[in-house]
Amino acid sequence: MKNLIIAFVGVIIISCSPKTKSDNTTVKGRLEITPYKETEIILKDTMQVKTAYARSDSGRVSMYEFSQSYSRPATFLNASQFKMMEKAVLLMVKDPKSLLYKSWDSPPLNSAELGKWFKTCDTIDQISYSSSGVEEINKVYYCDSTSLLSQINKIIFYESWYFNPENNQIEREVMGYSVLAYDGFKEAWRELFLAVRDEEALKKMKLYH
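Residues numbered from 1 in each chain as written. Predicted model: local features only at pLDDT ≥ 70, side-chain atom pairs only at ≥ 80, totals over all residues. Heavy atoms only, no water.

Colleague: Summarise the overall build of the protein chain; cite the residues concerned and give the values.
Modeller: Within the protein chain, the regular secondary structure consists of seven helices and eight strands. A burial count over the protein chain gives 25% of its 209 residues as buried. Taken as a whole, the protein chain presents about 15,200 Å² of accessible surface, with 57% of it coming from carbon and sulfur. (Helix = DSSP H or I, 4+ residues; strand = E, 2+ residues; numbered from the N terminus. Buried < 20%, exposed > 50% of the residue type's maximum accessible area, 1.4 Å probe, protein only. Areas by Shrake-Rupley, 256 points an atom, 1.4 Å probe, with all protein chains shown as cover.)

As structure tokens, then:
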């Protein structure tokens, strides 16, 4: 009888104890929907003129009607917004505290490595004219660190999704993201770098990626 009472008291203590996070379904009072999700965003509209022509009744639709019915300007960045995006990338690259990676398995890139990664150098023909009007072609070594930024057109966000019962909102927590440029000559995407919030976020991303 004494053992039965002790067992009963033990059950009461366990049932009244606060629940602990053991199955990773709740985080800070939020319900975890998914620990890992990839969200791909295209920054600039890549629709070709021939596609717009086909969608606009072979060109018989006005530009106003086309922008209202077919175009999705709010989906993409406008020119001034894209300039801010380029500025943000430059600030990120120049900040030594940024955790930027060339690939998922590489060590963090330092400022010098990032500078080389964004700089393209090659020998080009420079045309000039003499005082007598004779054309002269000289080989010059030229480095460009801005054209690559203009080719940026995709971001892939790596997120965890939660439901917050306090405000009934689905919340997305960004762990990191990849910045990609489109190479028109090769018709392929090139990942410029992977940016992560911190090392713990990177470990979680690698676990599910």
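And the narrative resumes.
Colleague: How would you explain the pattern of salt bridges if you had to name every residue and give the values?
Modeller: Enumeration over the complete set of coordinates arrives at eleven salt bridges. Across the pair Glu32 and Lys204 runs a salt bridge whose closest N-O atoms are separated by 3.9 Å. In this pair, Glu32 is assigned in strand 2 (residues 30-42) and Lys204 in helix 7 (residues 199-208), connecting sequence segments 172 residues apart. The salt bridge partner of Arg197 is Glu173, with a shortest N-O separation of 3.5 Å. Of this pair, Arg197 sits in the loop between strand 8 (188-196) and helix 7 while Glu173 sits in strand 7 (residues 169-183), placing them 24 residues apart in sequence. Within the structure, one salt-bridge network assembled from shared partners comprises Arg30, Glu171, Glu173, Arg197 and Asp198. (Salt bridge = Lys/Arg side-chain N within 4 Å of Asp/Glu carboxyl O.)

Colleague: So what's going on with helix 4 (residues 79-94)? Residues and values would help.
Modeller: Counted at 1.5 Å a residue, the expected span for helix 4 with its 16 residues is 22 Å, and the 23 Å between its end C-alpha atoms agrees. Those residues of helix 4 lying buried are Phe82, Met85, Glu86, Val89, Met92 and Val93. Summarising the axial view, the buried residues of helix 4 lie within an arc of 125°, below the 170-degree limit, and thus occupy one face. Exposed and facing more than 90 degrees away from the buried side of helix 4 are Lys83, Met84, Leu91 and Lys94. (Expected span 1.5 Å × (residues − 1). Arc of directions from axis to C-beta.)

Colleague: How would you explain the packing of aromatic side chains if you had to name every residue and give the values?
Modeller: Throughout the structure, instances matching the rule amount to five aromatic pairs. Seen in terms of ring centroids, Tyr36 and Tyr208 are 6.3 Å apart; in terms of plane orientation they differ by 15°. Their pairing is stacked. You can see Tyr36 sitting in strand 2 and its partner Tyr208 sitting in helix 7, a full 172 residues away along the chain. An angle of 55° between the planes, with centres 5.8 Å apart, marks the rings of Phe157 and Tyr177 as tilted. With Phe157 in strand 6 (residues 152-164) and Tyr177 in strand 7, the pair connects residues that are 20 residues apart, well separated along the chain. Judged by its relative accessible area of 24%, Phe157 falls in the partly exposed class. Among the aromatic residues, those joined into a cluster by ring pairs are Tyr36, Trp104, Tyr158 and Tyr208. Looking at Lys44, its charged tip hangs above the ring of Phe82, at a distance of 4.3 Å from the centre. The side chain of Lys154 reaches across the aromatic face of Trp189, ending 4.1 Å from its centre. (Phe/Tyr/Trp six-rings, centres within 6.5 Å; stacked < 30°, edge-to-face > 60°. Lys NZ or Arg CZ within 6 Å of the ring centre and 35° of its normal.)

Colleague: Explain the confidence of the model for the protein chain to me, and be specific about the residues and the numbers.
Modeller: Residues of the protein chain with pLDDT of at least 70 account for 82%, and the chain-wide mean is 81. Overall, residues 1-23 carries pLDDT values under 50, and its contacts beyond four positions in sequence, including any with other chains, amount to two contacts. (pLDDT = per-residue confidence, 0-100. Contact = heavy atoms within 4.5 Å.)

Colleague: Any chance you could break down the pairing of strand 7 for me, citing the residues and the numbers?
Modeller: In this structure, strand 6 lies alongside strand 7, joined through twelve bridges in antiparallel fashion. Residue pairing across strands places Ile156 opposite Ser178, the latter belonging to strand 7. Between strand 6 and strand 7, which pair antiparallel and follow one another directly, the connecting turn spans four residues, one of which, Asn168, has a positive phi of 55°. Relative to strand 8, strand 7 runs antiparallel, the two being bridged by eight bridges. By the bridge assignment, Leu180 is partnered in strand 8 with Glu191. Hairpin remark: strand 7 followed by strand 8, antiparallel, with four residues in the connecting loop; positive phi at Glu187, about 55°. (Pairing = 2+ DSSP bridges.)

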